[in-house]
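# Observations on chain architecture
So the chains spell out like this:
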Amino acid sequence: MSRPEHYAPADIFYNDEEAAKYASNSRMIEIQTKMSNRALELCLLPDRPCLLLDIGCGSGISGEAITDAGHMWIGYDISGSMLGIAEKREVDGDLFLADAGHGPRFRPGSFDGAISISALQWLCNCDKKGHEPFRRLRLFFERLYLCLRKGARAVMQFYPETAGQVEMITAAALRAGFGGGVVVDYPHSSKAKKHYLVVYAGLSGDMPQNIPQGLQGEIEESKKSIAVAQRERFKRKKGSKGKKSYKDKVFEKKEHQRQQGIGVRKDTKYTARTGKKTYKDKVFEKKEHQRQQGIGVSASSARR
């Protein structure tokens, strides 16, 4: 499956048409909402209304999850078309147009946390002349670190193309002063697997600094599906006992031809042999066919 970032930069790829399709796809909305709720869970926000930064907010799907959780938010995106969809949906957050790779500036300590859904991998590409992915990532994380309050978490779901991208993103975050790492949900599933970069800005007494474990429930589901597949294979084997073999079919056909008075060769141990015919078998078969047609055939053997 082709990745969107292979076609064009985000501000070009997500034009009016693509933004409208993205925002109206019920399956996409469901997935984005689930990932947003998971990101909020990993943020470990205090039990009070918080102000969050939504990086790459797009059409506001992730922002609606923040609102539903009882928090306020400010979001930015590089696609004007996506922000236009968010405005039409009348989302509760404040929106503005910005490139995450330029590191938008905010007042230090402004936010209680930050989330990002399906946006971080775009910074790993060289979309324009002079773009250096690691430099853009490092600037992004440096500015993000400054705008978070001490001990606040940032959780960013992303789709890495290679293991090298995971290492580059993590290294850029650590260089900027963050602590933390990558949490992988359902690591053994090809479809449900999700990567979350979970980082915290400094140490704080009321915030645990350990990285949570990824969800593992998909493993149990895969075991169940394997067990079901094994039962199905067993049923197929069991049901195939009464099936006639190729040899049985050949003998049955020859017997039927005899009853109709058709001349048929006698049955031998070579009858209905499966496998590649030898040169000798082919010669004898041809001679037998010629005899049945009344053509005179020599009695010589098939020697090469």
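Given the structure is predicted, the values throughout are model-derived calculations rather than measurements. (Residues numbered from 1 in each chain as written. Predicted model: local features only at pLDDT ≥ 70, side-chain atom pairs only at ≥ 80, totals over all residues. Heavy atoms only, no water.)

In this section: the confidence of the model for the protein. Confidence in the prediction of the protein, expressed as mean pLDDT, is 85, and 85% of residues score 70 or more. Below a pLDDT of 50 lies the segment residues 218–226, which in the model reaches 4 contacts outside its immediate sequence neighbourhood of four places, other chains included. (pLDDT = per-residue confidence, 0-100. Contact = heavy atoms within 4.5 Å.)

Within helix 2 (residues 16–24), burial applies to Ala19, Tyr22 and Ala23. The buried residues of helix 2 occupy one face: seen down the axis, they fall within an arc of 90°. Turned more than 90 degrees off the buried face of helix 2, the exposed positions are Glu17 and Ser24. A distance of 3.3 Å separates the backbone nitrogen of Glu17 from a side-chain oxygen at the start of helix 2, and that oxygen is part of Asn15. (Buried < 20%, exposed > 50% of the residue type's maximum accessible area, 1.4 Å probe, protein only. Helix = DSSP H or I, 4+ residues; strand = E, 2+ residues; numbered from the N terminus. Arc of directions from axis to C-beta. Polar contact = N/O pair within 3.5 Å; in protein donor to acceptor, adjacent residues only side chain to side chain.)

Here we take up the sheet that holds strand 6 (residues 179–185). A sheet is described by the order of its strands in space; here 7 strands give the open sequence 3-2-1-4-5-7-6, paired in mixed fashion. Looking along the sheet, the strands with just one partner apiece sit at the ends: strand 3 (94–97) and strand 6. Each strand of the sheet is rotated relative to its neighbour by a mean of 15°, with strand direction disregarded. The sheet contact formed by strand 6 and strand 7 (residues 194–200) spans 7 bridges and is antiparallel. Its bridge partner lying in strand 7, Gly179 is registered against Tyr200. Where helix 3 (residues 26–43) meets the sheet, its contacts fall on strand 1 (51–55), strand 4 (111–117), strand 5 (148–158), strand 6 and strand 7, and the angle it forms with strand 4 comes to roughly 145°. Most of the contacts of helix 5 (residues 80–88) go to strand 3, to which it runs at about 160°, and overall it touches strand 2 (72–77) and strand 3. (Pairing = 2+ DSSP bridges. Axes fitted to C-alpha atoms, helices over the stretch in contact; angles between N-to-C directions.)

Within the structure shown, the criterion is met by 11 aromatic pairs. Between the aromatic rings of Tyr14 and Tyr22, the centroid separation amounts to 5.7 Å while the plane-to-plane angle is 80°, which identifies the pairing as edge-to-face. Between the aromatic rings of Phe106 and Phe111, the centroid separation amounts to 5.1 Å while the plane-to-plane angle is 85°, which identifies the pairing as edge-to-face. Residue Phe106 is classed as partly exposed on the basis of its relative accessible area, which comes to 23%. A connected cluster of aromatic rings, assembled from ring pairs, spans Tyr7, Phe13, Tyr14, Tyr22 and Trp122. (Phe/Tyr/Trp six-rings, centres within 6.5 Å; stacked < 30°, edge-to-face > 60°.)

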